[in-house]
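So the chains spell out like this:
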Amino acid sequence: RKEVEQDPGPFNVPEGATVAFNCTYSNSASQSFFWYRQDCRKEPKLLMSVYSSGNEDGRFTAQLNRASQYISLLIRDSKLSDSATYLCVGSLMFSGGYNKLIFGAGTRLAVHP
Amino acid sequence: NAGVTQTPKFRILKIGQSMTLQCTQDMNHNYMYWYRQDPGMGLKLIYYSVGAGITDKGEVPNGYNVSRSTTEDFPLRLELAAPSQTSVYFCASSYSKSENTIYFGEGSWLTVV
């Protein structure tokens, strides 16, 4: 079983739609969670951190449910520029005392006119 | 605004050849990392370094070597290239031991034939 699992998609949505991605993680010791965005043939970039209380950044809302071990990302009013792959990422304390990132394989979003 | 710079961007290798992927960062970060990303898979950590002169294995180190003679540079060496090493390689760095603040290079596309 993958440590961080995501639906690969693609999610094809029209502009203006609301779309939600879920992700599950297997290691309950995972400490922090993030959503990264990766454009085609580019490097991953941090989109937002995920907090248990839920957090919002403009059109993006992230939620963490530790009891069920899943993380969600909600995108409202989708834009063409939101088309990308969204990586769900957890962190674990690794040997040497640093937090290691565990990456999901990503969910692809395609927003069309 | 250089950040993390890796070269080459693209390379085709023959089986058994050797090569070095170069990585340099100008942010004075102590922590540096090499990841590989295969289609349909999350990024996997190959090697990491917590400072000049100190390196350690990640999840998938076999077939690779690294060195860290300076804070800025963290080259990744493939000694005997194999088709299984066909992948996209990302170098990254972070200021603290938490990968939460990680910055990626633009990636190196390597094909072994």
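What you see is a predicted model; the values in this text were computed from it and never measured.

### Points about the interface of chain A and chain B
Each partner contributes to the interface: chain A provides 22 residues, whereas chain B provides 22 residues. The contact between chain A and chain B buries some 1900 Å² in all, and 55% of this surface belongs to carbon and sulfur atoms. Where chain A packs against chain B, one counts 1 salt bridge. Two residues, Lys100 of chain A and Glu59 of chain B, come together in a salt bridge whose shortest N-O distance is 3.2 Å. Contributions of two or more residues to the side of chain A that touches chain B are made by β4 (32–38), β5 (44–50), β9 (84–93) and β10 (99–103) of chain A. Looking at side-chain class alone, the side of chain A that touches chain B contains 10 nonpolar, 7 polar and 5 charged residues.

### Brief notes about the pairing of strand β6 (residues 54–57) of chain B
When strand β5 (residues 44–51) of chain B meets β6 of chain B, the two strands line up antiparallel, connected through 4 bridges. Across the sheet, Tyr48 of chain B pairs through a bridge with Asp56 of chain B, a residue of β6 of chain B.

### Some details on the state of the cysteines
What the rule picks out here adds up to 2 disulfides over all chains. For Cys23 of chain A, the disulfide goes to Cys88 of chain A, at an S-S distance of 2.0 Å. Between Cys23 of chain A and Cys88 of chain A the sulfur-sulfur dihedral comes to about -65°; the bridge is accordingly left-handed. With a gap of 65 residues between them, Cys23 of chain A in strand β3 (residues 19–25) and Cys88 of chain A in strand β9 connect regions that are remote in the sequence. Accessibility assignment for this pair places Cys23 of chain A and Cys88 of chain A in one class, buried. Each sulfur of the disulfide joining Cys23 of chain B and Cys91 of chain B lies 1.8 Å from the other. Its torsion about the S-S bond being -75°, the disulfide of Cys23 of chain B and Cys91 of chain B is classed as left-handed.

### A closer look at the packing of aromatic side chains
A complete count under the given rule lists 13 aromatic pairs over all chains for this structure. Judged by centre distance (5.6 Å) and plane angle (80°), the rings of Phe103 of chain A and Tyr35 of chain B are edge-to-face. Pair noted here: Phe103 of chain A is in strand β10 and Tyr35 of chain B is in strand β4 (residues 31–37), and the two residues belong to different chains. Plain terms: the ring middles of Tyr64 of chain B and Tyr89 of chain B are 5.8 Å apart, the flat faces sit at 65° to each other, and that makes the pair edge-to-face. Within this pair, whereas Tyr64 of chain B is found in strand β7 (residues 64–66), its partner Tyr89 of chain B is found in strand β9 (residues 87–94), the two being separated by 25 residues in sequence. A residue is classified by how much of its surface remains accessible, and Tyr89 of chain B, at 0% relative accessible area, is buried. The structure contains a cluster of three or more aromatic residues connected by ring pairs, namely Tyr36 and Phe103 of chain A together with Phe10, Tyr33, Tyr35, Phe90, Phe104 and Trp109 of chain B. Sitting above the plane of the Phe74 of chain B ring, Arg68 of chain B keeps its charged end 6.0 Å from the centroid.

What counts, and at which threshold
- Residue indices follow the written sequence of each chain, beginning from 1 at its first position.
- Whichever chain is written first becomes A and whichever ligand is written first becomes 1, with later ones labelled in order.
- In keeping with the model being predicted, local features are shown solely for residues with a pLDDT of at least 70 and side-chain atom pairs are shown and tallied solely at 80 or more, while totals for entire chains, interfaces and linings include all residues.
- The side-chain quantities take in all heavy atoms of the structure and omit both hydrogens and water.
- By the convention used here, residues are in contact when the closest approach between their heavy atoms is within 4.5 Å.
- By buried area we mean the combined loss of accessible area, with a 1.4 Å probe, across both parts when two parts are placed together.
- Within this document, salt bridges are pairs made up of a side-chain nitrogen of Lys or Arg and a carboxyl oxygen of Asp or Glu, the two lying within 4 Å of each other.
- Numbered from the N terminus, helices here are DSSP runs of H or I no shorter than four residues, and strands are runs of E no shorter than two.
- Just so you know the grouping, Ala, Val, Leu, Ile, Met, Phe, Trp, Tyr, Cys and Pro go in nonpolar, Asp, Glu, Lys and Arg go in charged, and all remaining residues, Gly too, go in polar.
- A pair of strands is considered paired only if DSSP assigns at least 2 bridges between the two.
- In this description, the term disulfide denotes a pair of cysteine sulfurs within 2.5 Å.
- Think of it in three bands: residues with accessible area under 20% of the maximum for their type are buried, residues over 50% are exposed, and the middle band is partly exposed, with areas taken using a 1.4 Å probe on protein chains only.
- Put simply, two rings from Phe, Tyr or Trp (the six-membered ring, in Trp's case) pair if the centres are within 6.5 Å, and we call them stacked under 30 degrees between planes, edge-to-face over 60, tilted for the rest.
- Two conditions define a charge located above a ring, namely a distance within 6 Å from the ring centre to NZ of Lys or CZ of Arg, and an angle within 35 degrees of the ring normal.

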